[in-house]
Amino acid sequence: MTGQKSEGDRKHPVDETLPPLKMFTSGLQHVAAMYAGVVAPPMIVGPACGLNATETAFLMGASLFTAGIATLLQTLGFWKVGAKLPFVNGVSFAGVTPMVAIGKAQSPDNALPIIFGAVIVAGVLGFLVAPYFSKLVRFFPPVVTGTVITLIGVSLLPVAFNWSQGGNDRAPDYGSLTNIGMAALTFLIVLVLRRVLRGFLQQIAILLGLIAGTLIAIPVGITNFSALSEASLVGFPTPFHFGAPQFDIAAIVSMCIVMLVCMTESTADMLALGRIVGRPADERTIEGGLRADTLGTALSPLFNGFANSAFAQNIGLVAMTKVRSRFVVATGGLILIVLGLCPVAASVISLVPLPVLGGAGIVLFGSVAASGIQTLASAAMEKGDNALIVAAAVGIGLIPIAAPDFYHHLPKDLLVVLDSGISTGCLVAIVLNLAFNHFGRKTADGGAADEDTADGTAAAAHGDPETPPQPDAGTTDEAGAPAAAPAH
């Protein structure tokens, strides 16, 4: 096909469709990578709002269903909605803390309706400001995007470590030799599969590793089949199952702050993914992506879901497999919708033990950090104060990871932003880039000093024609190594 079509007629890998089997298995791999992240917030928020186990399970199914809708809005899109990149959306962890606080402050009958009302308002507000928020893209040259991408990967690694220990630090087997051993075994299986397999099988090495790890975990005794035996065949998330939305000013303000944090992280994620897939995210792409995020958020409470935003762990999967088709992720969105409508099917995915998922997650999230380091290599670190910008932003961004209680004496409302290392690191990188590379010093002719350091390197992030061509989806180097991202 490539021999018969000219370069101009050839589809970009992002817009290619794959054979049905490859489409399904690659989409399922995305679902497996994000499943725990989608169901974890309702598992935390549900009990805080006074829900029993059955109602919490209903909330988990609703979160899967709304994540699928948001992912389809993002990948397929319509009008000016959707980044149309292989971008996975799901329930944002940024909203967990304020939603738990709302749930504990309200009666069980009012907690979820107040949360849903606040989420609707925050989503509508975000949708309206998306065109203006997207203009911030010019403040994301490689020195900023590389820093943020690196922080995304590093911030996700503790999640993988927690999964590797069992996921629940109050469980008696948390951090046991069995859990850590299963995580290490899965980690090794994924690396071996990536090394010895070729072509399509190499692309789904994560999925194969999860399957192998789960099968090994059965005789070990850490696979829980109770969810499968208790799940019903069909379960539609009835609109406003917990009551009509209520609108509380304090809750609305909290969720609007969460929405702005989500939009900041999504902007950074879109820039990261754009570089990885070889289609740099411009202002229009980011505007469409933010509209999909916020529209999905506004619609989620209708089906008992929460705020949706980008799932950074799936960026690592794209970087590792080099399958860049957005239709693969759209297939994953359809799978999420089916899981939300069929609790039995969702329970099959949930059979993957968290230690197994943690072992694979170390590879996935490490790939994101490696991609960020690769981006920083193009940021002219030897010029001006770029190295200082990266050092300060990474240092501040690592505070919530290295010292989780660092900000505990500050007002709780500030913790929505400060507890996100990605958001704080991103803000520090933007401010310092402006201070050092735009507003600080002047050259002899009156121009801004080190201009090539700030905006000149941004060409790579905006489709500079001199950027080296990206490899086709599914290619690997001669050694079969899982390159974290294409050359920039």
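Everything that follows concerns the structure shown earlier in this document.
What comes next is a walk through the structure. Everything numeric in this text was worked out from a predicted model, so none of it was measured.

### Quick look at the overall build of the chain
Along its length, the chain carries 20 helices and two strands. Within the chain, the proportion of its 488 residues that are buried is 54%. Sequence separation of 24 or more characterises 82% of the internal contacts of the chain that already satisfy a separation of 6 or more. On the chain, roughly 20,000 Å² of surface is accessible, and the fraction owed to carbon and sulfur atoms is 66%.

### Details of unusual backbone geometry
Here W79, not a glycine, exhibits a phi torsion of approximately 45 degrees, which is positive. Examined against the element boundaries, W79 turns out to sit in the loop between α2 (53-75) and β1 (89-91). Phi at F240 is positive, roughly 50 degrees, even though this residue is not glycine. Along the chain, F240 falls in the loop between α9 (226-230) and α10 (249-277).

### Focus on the packing of helix α5 (residues 142-165) against helix α15 (residues 354-376)
Running from N to C, α5 and α15 cross one another at 165 degrees; their axes reach a closest spacing of 7 Å. With respect to α15, the axis of α5 lies roughly antiparallel. Crossing of α5 over α15 shows left-handed handedness. Tallied by class, residues from the contact of α5 with α15 come to 20 nonpolar, 13 polar and no charged.

### Quick word on the packing of helix α16 (residues 386-397) against helix α19 (residues 421-437)
Where α16 contacts α19, the two axes come as close as 8 Å, and the packing angle between them is 155 degrees. In this view, α16 runs roughly antiparallel relative to α19, as classed from their interaxial angle. Relative to α19, the crossing made by α16 is right-handed. Along the contact surface, α16 presents N386, L388, I389, A392, A393, I396 and G397, while α19 presents G421, T424, G425, V428, A429, L432, N433, F436 and N437. Class assignment for the residues of the contact of α16 with α19 results in nine nonpolar, seven polar and no charged.

### A word on the nonpolar core
What tends to happen in soluble globular proteins is that the nonpolar side chains get buried as a cluster. Of all hydrophobic cores here, the largest spans 103 residues; its most connected members are L112, I115, I206 and F306. With 15 residues, α10 is the single largest residue contributor to this core. Not counting the four nearest positions on each side in its chain, I115 is found in contact with V45, C49, M99, I102, G103 and F306. F65, L72, F303 and I337 belong to the second-largest nonpolar core, a separate cluster that totals five residues.

### Regarding the side chain of D293
Position of D293 relative to the elements: it lies in helix α11 (residues 283-299). Comment: no salt bridge for buried D293; closest opposite-charge side chain is R291, at 12 Å. Residues within four places of D293 in sequence aside, it is in contact with Q74, N89, S266, N308, S309 and A310.

### Some thoughts on α10
Over its 29 residues, α10 runs 41 Å from end to end, which matches the ideal 42 Å to within 8%, given 1.5 Å per residue. Positive backbone phi, at 80 degrees, marks G278, one or two positions downstream of α10.

### As for the pattern of salt bridges
Tallying each qualifying case throughout the model produces four salt bridges. In this structure, the salt-bridge partner of E283 is K135, at a minimum N-O distance of 3.1 Å. Linking E283 in helix α11 with K135 in the loop between α4 (108-133) and α5, this pair joins segments that are 148 residues apart in sequence. Here R291 and E287 are joined by a salt bridge, their closest N and O atoms 2.6 Å apart. Note that R291 and E287 are positioned in helix α11 at a spacing of four residues, about one turn of the helix. Here R291 matches E287 in class, with each residue buried. Linked by salt bridges that have partners in common, D15, R279 and R326 make up one network.

### So, the environment of S378
The residue S378 is located in the loop between α15 and α16 in this model. A relative accessible area of 24% means that S378 is categorised as partly exposed. C-alpha of S378 to C-alpha of G146: the two residues are 232 residues apart in sequence and 8.8 Å apart in space.

### Focus on the packing of aromatic side chains
With the rule as written, the count across this model stands at four aromatic pairs. Relative to F303, the ring of F65 has its centre 5.2 Å away and its plane inclined at 70 degrees; by these criteria the two rings are edge-to-face. Of this pair, F65 sits in helix α2 while F303 sits in the loop between α11 and β2 (308-310), placing them 238 residues apart in sequence. The exposure class of F65 is buried, given its relative accessible area of 7%. Classification of F303 as buried rests on a relative accessible area of 17%. Seen in terms of ring centroids, F406 and Y407 are 5.1 Å apart; in terms of plane orientation they differ by 85 degrees. Their pairing is edge-to-face. Owing to a relative accessible area of 11%, Y407 belongs among the buried residues under this scheme. Over the aromatic face of F127 sits the side chain of R291, whose NZ or CZ is 5.7 Å from the ring centroid.

### Focus: a nonpolar patch on the surface
Side chains of I211, L215, I218 and F225 sit close together on the surface and give an oily, nonpolar patch of about 370 Å² of accessible area. Among the secondary structure elements, L215 is positioned in helix α8 (residues 205-220).

### Observations concerning α19
End to end, α19 covers 23 Å across 17 residues, agreeing with the expected 24 Å (1.5 Å per residue, within 8%). Within the span of α19, buried status applies to G421, I422, S423, T424, G425, C426, A429, I430, N433, L434 and N437.

Reading guide: rules and limits
Residues numbered from 1 in each chain as written. Predicted model: local features only at pLDDT ≥ 70, side-chain atom pairs only at ≥ 80, totals over all residues. Heavy atoms only, no water. Helix = DSSP H or I, 4+ residues; strand = E, 2+ residues; numbered from the N terminus. Buried < 20%, exposed > 50% of the residue type's maximum accessible area, 1.4 Å probe, protein only. Contact = heavy atoms within 4.5 Å. Areas by Shrake-Rupley, 256 points an atom, 1.4 Å probe, with all protein chains shown as cover. Axes fitted to C-alpha atoms, helices over the stretch in contact; angles between N-to-C directions. Parallel < 35°, antiparallel > 145°, perpendicular 65-115°, else oblique. Left-handed = near helix turned anticlockwise from the far one by under 90°. Nonpolar A, V, L, I, M, F, W, Y, C, P; charged D, E, K, R; others polar. Core = buried A, V, L, I, M, F, W, Y, C linked by side-chain atoms within 4.5 Å. Lys, Arg positive; Asp, Glu negative; His and termini not counted. Salt bridge = Lys/Arg side-chain N within 4 Å of Asp/Glu carboxyl O. Expected span 1.5 Å × (residues − 1). Phe/Tyr/Trp six-rings, centres within 6.5 Å; stacked < 30°, edge-to-face > 60°. Lys NZ or Arg CZ within 6 Å of the ring centre and 35° of its normal. Patch = residues over 30% accessible without salt bridge, like charges linked within 9 Å, V, L, I, M, F, W, Y side chains within 5 Å.

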